[in-house]
Amino acid sequence: MDPASTEALSATGGQAPFAAQLHARLRQRIIRGELPPGTRLSEQEIADQCALSRQPVREAFIRLAGEGLLEVRPQRGTFVTRIDMEWVLCTRFIRESVESDIARLAAARAQPQDREALSHQIARQEAETEPAALAQLDEEFHATLAGIAGKAMVWNHLHQMKMHLDRARHLLTAMTPKDTMLAQHRDVAEAIAAGDPDRAEAAIRQHLRRVLLDLPGVLRLSPDYFTKTDTLAETLAAEA
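Fair warning: this is a prediction, and the values are worked out from it, not measured in the lab.

Visitor: Outline the pattern of salt bridges, supporting the account with residue identities and numerical values.
Guide: Applying the stated criterion to the full structure yields 23 salt bridges. Across the salt bridge formed by glutamate 140 and arginine 124, the nearest N and O atoms sit 3.2 Å from each other. A residue pair is termed long-range when its members are at least 10 positions apart, and glutamate 140 in helix α7 (residues 131–148) and arginine 124 in helix α6 (residues 112–127) qualify at 16 residues. Overall, glutamate 140 belongs to the partly exposed group, its relative accessible area being 27%.

Pasting the structure below:
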């Protein structure tokens, strides 16, 4: 944990808030790849760094293990899990199915202020150069689409379940050209601005299928980061 993390956690009183904050912080760092697959985490070390007892750290670890982000290996320790490729692919499929309907609804319901909001977000993406910040702007763009469609709660549910997909996507940011993502976002925004549900659906599907094209490359670069990798070839063959 970095000093800023420790300071932020120490600023709040009470054990439950500490556990919740620590869970959120560690979860974010795992998803972003700051704690890569295979990293060993020590309850005592994190407790010492954050000036906490071990209890809130243990609670955070239990929650992360329940989400499939940490693995307890008896007599060895607690480790960040490898990325479950089957989970990644299933979540990607669910996301495309859900967001295609969201895009259609957004195209039908968008108001002038919504179109302006999407245009403003794309301008911010164009100006951003830092990969992690760009990934966050991508999340905001998709959340905005759900809001326009009147499906913000659906996005919240989807956001919670796609953590392993997000872990893979953060690895993919180094491989996917920024211009490609921007062009795809522009296509979606333009279709919504034109009030064209069919075009909006086609654009969002193309955007969300991009990960299938990039996963083989990241798997070659970081094979030890993934498990159940045989499912990728099966999915690519089925969805070709």
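From this point, things continue past the structure.
Visitor: Any chance you could break down the packing of helix α5 (residues 85–109) against helix α8 (residues 152–161) for me, citing the residues and the numbers?
Guide: Running from amino to carboxyl end, α5 crosses α8 at an angle of 165 degrees, the nearest separation of the two axes being 10 Å. Judged by the inter-axis angle, α5 sits roughly antiparallel to α8. As α5 runs across α8, the sense of the crossing is left-handed. On α8, the residues that touch Trp87, Thr91, Ile94, Arg95, Val98, Glu99 and Ile102 of α5 are Val154, Trp155, Leu158 and Met161. In the contact of α5 with α8, the residues fall into eight nonpolar, one polar and two charged.

Visitor: Can you lay out the sheet that holds strand β3 (residues 77–80) for me, pointing to particular residues and giving the numbers?
Guide: Note: strands within a sheet are paired through backbone hydrogen bonds, in either parallel or antiparallel orientation. Taking strand neighbours across the sheet as the criterion, the three strands line up as β1-β3-β2 in an open arrangement whose pairing is antiparallel. Sheet topology places β1 (40–41) and β2 (70–73) at the edges, where each strand pairs with a single neighbour. Bridge analysis of β2 against β3 gives four bridges, and the strand direction is antiparallel. The residue of β3 that forms the bridge with glutamate 71 is phenylalanine 79.

Visitor: Before we move on, can you summarise α7 with the specific residues and values?
Guide: A rise of 1.5 Å per residue sets the reference length of α7, with its 18 residues, at 26 Å; its end C-alpha atoms lie 26 Å apart and thus fit the reference within 8%. What α7 keeps buried is the set Leu134, Ala135, Leu137, Asp138, Glu139, Phe141, His142, Leu145, Ala146 and Ile148. The secondary structure elements touched by the buried residues of α7 are α5, α6, α8, α9 (163–172), α10 (178–193) and α11 (197–221). For α7, the N-terminal capping position is held by glutamate 130, with its side-chain oxygen 3.1 Å away from the main-chain nitrogen of alanine 132. Glycine 150 sits one or two residues past α7 and shows a positive phi near 75 degrees.

Thresholds applied
- Residues numbered from 1 in each chain as written.
- Predicted model: local features only at pLDDT ≥ 70, side-chain atom pairs only at ≥ 80, totals over all residues.
- Heavy atoms only, no water.
- Salt bridge = Lys/Arg side-chain N within 4 Å of Asp/Glu carboxyl O.
- Helix = DSSP H or I, 4+ residues; strand = E, 2+ residues; numbered from the N terminus.
- Buried < 20%, exposed > 50% of the residue type's maximum accessible area, 1.4 Å probe, protein only.
- Axes fitted to C-alpha atoms, helices over the stretch in contact; angles between N-to-C directions.
- Parallel < 35°, antiparallel > 145°, perpendicular 65-115°, else oblique.
- Left-handed = near helix turned anticlockwise from the far one by under 90°.
- Contact = heavy atoms within 4.5 Å.
- Nonpolar A, V, L, I, M, F, W, Y, C, P; charged D, E, K, R; others polar.
- Pairing = 2+ DSSP bridges.
- Expected span 1.5 Å × (residues − 1).
- Polar contact = N/O pair within 3.5 Å; in protein donor to acceptor, adjacent residues only side chain to side chain.

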